[in-house]
Structure formats: C-alpha cells, structure tokens
Amino acid sequence: MPSQTVTVGSRVGLHARPAALIAEAVGKAGIPVTLATPGGNPVDAGSPLMIMTLGAKQGAEVVVSSDDPAVLDKIVGLVAQDLDAE
C-alpha cells in the first residue's frame, strides 16, 4: 500500500477535532486509509478514536497509507494542517 510520511500540523496534535475531521474525510472517500507512527502499528483513519490512540502531537511524524493516490494526498494534507485554527 502506498504511503507518505507527514508532520502533524495541528497545535493540539491528532486529538478530538482534528481526528474527527480526518475520519470524516476518510469516510466520505470510501477508501481504506491507515495512520501510524513510524515503526508503530497502523490504525484505521476512518475512526477518530483510533486516530487519537496514536498520541501524535504537533510536530510528530505520521505515516499515511492508502491505495488511492488522491485520497492519500487529501489525508496527508489534512494531517499537515492546523485543523484547530480558527
């Protein structure tokens, strides 16, 4: 499965709001996507709770994987953004 490493941009890391927005985008895409910390086990990016279990803080690296390049790029972009910005 193709993957890309990205740095978490949200100032609170991948917690409640960022996790919910990422999971919502994955759900709308209808394509499986996983997130993992380098060397860690991948989790289903369609589940906000699973995303939060990564404990990824701002500046942490996360590996995003998906068989669909467009979906991969979209989720990489979301992880890199500060999704808590007002």
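Residues numbered from 1 in each chain as written. Predicted model: local features only at pLDDT ≥ 70, side-chain atom pairs only at ≥ 80, totals over all residues. Heavy atoms only, no water.

Caption draft 1: Highlighting the overall build of the protein chain. When helices and strands are tallied, the protein chain shows three helices and four strands. Mapped from its N terminus to its C terminus, the protein chain presents α and β elements in the order β-α-β-β-α-β-α. Along the longest, intermediate and shortest principal axes, the C-alpha atoms of the protein chain span 30 × 25 × 20 Å. A buried classification covers 40% of the 86 residues belonging to the protein chain. Counting contacts in the protein chain only where the partners sit at least 6 residues apart, residues at least 24 apart contribute 73% of the total. Distance from the positive charge centre (5 side chains) to the negative charge centre (9 side chains) of the protein chain: 8 Å. (Helix = DSSP H or I, 4+ residues; strand = E, 2+ residues; numbered from the N terminus. Buried < 20%, exposed > 50% of the residue type's maximum accessible area, 1.4 Å probe, protein only. Contact = heavy atoms within 4.5 Å. Lys, Arg positive; Asp, Glu negative; His and termini not counted. Charge placed at Lys NZ, Arg CZ, Asp CG, Glu CD.)

Caption draft 2: The nonpolar core, seen in detail. With 24 residues, the main nonpolar core has Leu14, Ile22, Leu35, Ile51, Val64, Ile75 and Val79 as its most contacted residues. At the level of secondary structure, the elements contributing two or more residues to this core comprise helix H1 (16–29), strand S2 (33–36), strand S4 (61–66) and helix H3 (69–80). Sorting elements by how many residues they give to this core places H3 first, with six residues. (Core = buried A, V, L, I, M, F, W, Y, C linked by side-chain atoms within 4.5 Å.)

Caption draft 3: Fine view of the sheet that holds strand S1 (residues 3–7). Sheet architecture is open: four strands sit in the order S1-S4-S2-S3, paired in antiparallel fashion. The sheet is open, and its two edges are formed by S1 and strand S3 (43–44), each paired on a single side. Bridge count for S2 against S4 is four bridges, and the pairing is antiparallel. Paired with Val33 across the bridge in S4 is Ser66. Here H3 sits on the sheet and contacts S1, S2 and S4; the angle it forms with S1, its principal contact strand, is near 15°. (Pairing = 2+ DSSP bridges. Axes fitted to C-alpha atoms, helices over the stretch in contact; angles between N-to-C directions.)

Caption draft 4: Looking closely at the pattern of salt bridges. Counted according to the given criterion, the structure contains two salt bridges. Among the salt bridges present, the one from Glu24 reaches Lys28, with a minimum N-O distance of 3.3 Å. Of this pair, Glu24 and Lys28 both sit in helix H1, four residues apart, which is roughly one turn of that helix. Accessibility expressed as a relative area gives 42% for Glu24, which makes it partly exposed. Judged by relative accessible area, Lys28 falls into the exposed class, the value being 68%. (Salt bridge = Lys/Arg side-chain N within 4 Å of Asp/Glu carboxyl O.)

Caption draft 5: Spatial organisation of the packing of H1 against H3. Interhelical geometry of H1 versus H3 gives an angle of 170° and a closest axis separation of 10 Å. With respect to H3, the axis of H1 lies roughly antiparallel. Along the contact surface, H1 presents Leu21, Ile22, Ala25, Val26 and Ala29, while H3 presents Val71, Lys74, Ile75, Leu78 and Val79. For the contact of H1 with H3, the residue count by class is nine nonpolar, no polar and one charged. (Parallel < 35°, antiparallel > 145°, perpendicular 65-115°, else oblique. Nonpolar A, V, L, I, M, F, W, Y, C, P; charged D, E, K, R; others polar.)

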